[in-house]
Structures are given as structure tokens and as C-alpha cells.
Amino acid sequence: MARGKIQIKRIENQTNRQVTYSKRRNGLFKKANELTVLCDAKVSIIMISSTGKLHEFISPSVTTKQLFDLYQKTVGVDLWNSHYEKMQEQLRKLKDVNRNLQREIRQRMGESLNDLNYEQLEELNENVDNSLKLIRERKVRNVEEIHRNLLLEFDARQEDPYGLVEQEGDYNSVLGFPNGGPRILALRLQPNHQPNHHLHSGGGSDITTFALA
């Protein structure tokens with residue numbers, strides 16, 4: 001029973017479209033290989049799927065560049081010349097940009113000013129002033145940020161001079177004695193922090209204790 005004729009139009013279902021592409025691509029590459037072997041032909045096929053994947057076939061006896069060169073010779077066109085000219089044009093533009101940037105840097109350093117007229121000098125002076133203003137503002141913001149951080153650190157030390165919050169859970173801060181004896185409060189001092197004159201500390205210890213009434 002013969003198959004029905006398939007209408008040639010875009011396959012709407014994406015899965016069916018990909019399956020059809022894969023099958024027909026393989027069939028096309030098989031035919032290209034047969035032409036290469038049976039007829040000693042030089043064949044090149046480049047395919048890009050709807051998902052952006054590249055698939056290509058080229059006869060084993062020739063490289064892609066050789067095939068392009070044969071195409072140019074046969075058709076009488078130069079594919080590389082137009083591409084080379086575009087690259088040269090792009091290179092010239094980049095050189096001009098680099099040259100202008102170097103000249104602007106020299107001018108901001110006080111060099112290469114002889115060719116500037118009065119208006120250009122005024123514009124250069126304004127640009128330099130604006131740059132200096134931005135630098136000063138950035139430095140001021142940095143200093144303000146440092147000052148703000150120092151104040152926060154100082155306030156934190158004022159609120160917790162003995163480091164009780166930071167060292168919480170390292171030891172029992174209050175010890176009680178039976179029979180109504182005095183209670184002892186233990187404080188861990190921060191490095192380089194001297195205890196008040198009414199606290200009694202043991203020699204070499206970072207724990208200061210004193211009795212509570």
C-alpha cells in the first residue's frame with residue numbers, strides 16, 4: 001500500500017518537526033556521501049536547525065577552505081576580499097578611537113594644547129573641573145563612611161565594654177554560695193581594657209570578680 005503524499009508546509013508540532021528534521025538530515029547526508037563515493041564529487045552541506053544547532057557534511061577529500069576557494073574560482077567572486085575590507089575598516093575606526101583617547105589624556109595632563117582654540121580650552125578646563133569635583137565627592141563619601149563605621153564601633157563598645165554579649169555562654173557570670181553567702185559576679189574584659197578601681201582582679205587572669213551585696 002503506497003504512502004499518502006505529504007503536503008510540504010511547516011510542521012506546527014515542535015516534536016514532529018524535530019523528528020522530521022533529524023530523519024531527513026541523515027538521509028540528505030547519506031545521499032551526499034553516496035555522491036562523494038560514486039561520482040568523486042566534492043560536496044559540502046551546512047544546516048542550522050530551528051533550535052540553532054549546526055550540522056554539516058563535507059567530502060573527506062576536501063577541506064572547507066579548499067571548497068570555498070574552488071567556489072570562488074568557479075563563480076569568479078572573491079568572498080574573502082569583502083570580509084577583509086570590513087575588518088580593515090573596523091581596525092581603522094578602533095585606531096581613531098585609541099588616538100583620540102590618547103590625545104585627550106595628554107591634554108588633561110597639560111600637554112598637546114597648542115592646537116586647541118579658546119573654546120576647546122574652555123571645554124577642556126570644564127571637563128577637568130568636573131572630574132576633580134567627582135573625585136572630591138567620592139573621597140568625601142569614603143571619609144564619611146569610615147567615620148560612620150568608627151562611630152558605630154565606638155557606640156557598640158560603650159554599650160558592651162566588658163564583652164558580655166560577645167562572650168555570652170562561655171562561663172557562669174554569677175556564682176552563688178549556700179547559706180546566704182555573698183554572690184560573686186565574673187566579668188570578662190576586652191583586650192587592653194583596664195578594670196575600674198573598685199574591681200578586684202586576680203593576677204594574669206582576664207576574669208575580674210567582685211562581691212555583690
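Residues numbered from 1 in each chain as written. Predicted model: local features only at pLDDT ≥ 70, side-chain atom pairs only at ≥ 80, totals over all residues. Heavy atoms only, no water.

Notes on the overall build of the chain
Across its full length, the chain holds four helices and six strands. Each helix and strand of the chain, placed in order from N terminus to C terminus, yields the pattern α-β-β-α-α-α-β-β-β-β. Of all 213 residues assigned to the chain, the portion counted as buried reaches 14%. In the chain, the proportion of contacts linking residues at least 24 apart, taken out of those at least 6 apart, comes to 30%. If you sum the accessible surface of the chain, you get close to 18,200 Å²; carbon and sulfur atoms cover 54% of it. (Helix = DSSP H or I, 4+ residues; strand = E, 2+ residues; numbered from the N terminus. Buried < 20%, exposed > 50% of the residue type's maximum accessible area, 1.4 Å probe, protein only. Contact = heavy atoms within 4.5 Å. Areas by Shrake-Rupley, 256 points an atom, 1.4 Å probe, with all protein chains shown as cover.)

Describing the confidence of the model for the chain
For the chain, the mean per-residue pLDDT works out to 76, and 72% of the residues sit at or above 70. In the model, residues 164-177 has pLDDT below 50 throughout and makes 24 contacts with residues more than four positions away in sequence or in other chains. (pLDDT = per-residue confidence, 0-100.)

A few points about the pattern of salt bridges
As a working rule, side chains carrying opposite charge can pair if their charged atoms are close by. Counted by the stated rule, this structure contains six salt bridges. Residue Arg10 pairs with Glu12 through a salt bridge whose shortest N-O separation is 3.1 Å. Arg10 gets classed as exposed once you look at its relative accessible area, which sits at 52%. (Salt bridge = Lys/Arg side-chain N within 4 Å of Asp/Glu carboxyl O.)

Overview of the environment of Leu121
Inspection of the secondary structure assignment puts Leu121 in helix H4 (residues 118-159). Under the relative-accessibility criterion, Leu121 is labelled partly exposed at 34%. Distance in space between the C-alpha atoms of Leu121 and Gln107 is 9.4 Å, their sequence separation being 14 residues. Excluding its chain neighbours within four sequence positions, the residues that come into contact with Leu121 are Leu113 and Leu116.

Details of a nonpolar patch on the surface
Together, Phe68, Tyr71, Val75, Val77, Leu79 and Trp80 make up a nonpolar patch on the protein surface, roughly 530 Å² of accessible area in all. Put simply, the parts of the chain that give the nonpolar patch at least two residues each are helix H2 (64-75) and helix H3 (79-108). Looking at which element gives the most residues to the nonpolar patch, the answer is H2, with three residues. Mapping Leu79 onto the fold places it in helix H3. (Patch = residues over 30% accessible without salt bridge, like charges linked within 9 Å, V, L, I, M, F, W, Y side chains within 5 Å.)

Brief notes about a negative patch on the surface
Together, Glu122, Glu123, Glu126 and Asp129 make up a negatively charged patch on the protein surface. Secondary-structure assignment places Glu126 in helix H4. (Lys, Arg positive; Asp, Glu negative; His and termini not counted. Charge placed at Lys NZ, Arg CZ, Asp CG, Glu CD.)

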